[in-house]
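# Examination of the molecular architecture
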Amino acid sequence: SRGALRGGVQELMVYSFPSTGLVRLRPVFRRLLLIAIDSLLLPLAVWQSFWLRLAHPFHPNFIAAGSWLLLAVLLVGLPVYAFTGQYKGLTRYVGSRSLYQLAGRMAVLVLGLLAVGVLLRLPLPPRSCWILFWVLATGMGGALRFSLRDVFFKFSNHSTKASAQRVVIYGAGA
């Protein structure tokens with residue numbers, strides 16, 4: 001059984017991911033984790049942009065124009081992210097500059113998707129869906145990276161503070 005019996009009361013053992021587990025992951029696995037999360041967030045942003053614009057989660061316009069976009073956002077978006085350095089800094093070095101770069105990457109992605117749709121003569125979504133997709137994907141991607149950065153800082157600083165030795169520097173200055 002998963003619990004131990006003590007004094008007639010069964011204690012349940014709680015299994016959790018170690019707090020420093022994400023910090024100790026090798027950079028390759030962190031990149032794969034971010035790629036996996038992005039491969040979920042990008043189609044979610046496409047779907048939400050249609051839902052917000054058309055006020056229905058599965059509007060016929062989404063079925064026509066959104067079906068190719070769900071696949072194209074992954075086929076175009078993940079390479080755009082990879083080739084523009086989205087996964088190089090990982091989450092430890094995310095700052096306001098990273099958010100601006102993410103907004104630029106998303107603009108490139110939106111223009112790339114629009115070009116694919118026009119060149120292949122696919123049904124295009126309303127113009128406002130493109131703007132909503134840009135805002136949603138930038139916001140979700142930025143929020144994810146800032147949140148992960150905070151988690152990394154919290155657990156990496158916590159582990160180094162516990163093992164750090166306090167010292168006093170005497171005689172500094174003129």
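What counts, and at which threshold
Residues numbered from 1 in each chain as written. Predicted model: local features only at pLDDT ≥ 70, side-chain atom pairs only at ≥ 80, totals over all residues. Heavy atoms only, no water. Helix = DSSP H or I, 4+ residues; strand = E, 2+ residues; numbered from the N terminus. Buried < 20%, exposed > 50% of the residue type's maximum accessible area, 1.4 Å probe, protein only. Areas by Shrake-Rupley, 256 points an atom, 1.4 Å probe, with all protein chains shown as cover. Polar contact = N/O pair within 3.5 Å; in protein donor to acceptor, adjacent residues only side chain to side chain. Contact = heavy atoms within 4.5 Å. Salt bridge = Lys/Arg side-chain N within 4 Å of Asp/Glu carboxyl O.

## Remarks on the overall build of the chain
When its secondary structure is counted, the chain shows five helices and two strands. Across the chain, helices and strands are ordered from the amino to the carboxyl terminus as β-β-α-α-α-α-α. The burial tally for the chain puts 32% of its 174 residues in the buried class. Only carbon and sulfur atoms are counted for the fraction: they give 67% of the accessible area of the chain, which is about 11,600 Å².

## Side note on the side chain of D38
Structurally, D38 can be placed in helix α2 (residues 27-54). D38 sits in the buried class, given a relative accessible area of 2%. A polar contact is formed between the side chain of D38 and the side chain of Y87, at a distance of 2.7 Å. Ignoring any residue separated from it by four or fewer positions in sequence, one finds D38 in contact with P43, L78, Y81, Y87, L144 and R145.

## Describing unusual backbone geometry
Trans peptide bonds make up most of the peptide bonds, and negative phi angles are found at most residues other than glycine. The backbone of A55 sits at a positive phi, close to 60°, despite the residue not being glycine. Tracing the sequence through the fold places A55 in the loop between α2 and α3 (60-83). Relative accessible area serves as the criterion here: at 65%, A55 is assigned to the exposed category. Not every positive phi belongs to a glycine, and R121 is a case in point at roughly 55°. On the secondary structure map, R121 appears in the loop between α4 (96-119) and α5 (127-163).

## Concerning the pattern of salt bridges
Taken as a whole and assessed by the stated rule, the structure comprises one salt bridge. For the salt bridge of R145 with D38, the shortest nitrogen-to-oxygen distance reads 2.6 Å. Note that R145 is positioned in helix α5 and D38 in helix α2, a separation of 107 residues in sequence. Of the two residues, R145 and D38, neither departs from the other in class, the shared state being buried.

## Concerning the side chain of T138
Examined against the element boundaries, T138 turns out to sit in helix α5. For T138, a relative accessible area of 9% puts it in the buried group. Excluding residues that lie within four positions of it along the chain, T138 makes contacts with L99, L102, A103 and M106.

Any link to function would need more than the numbers given here.
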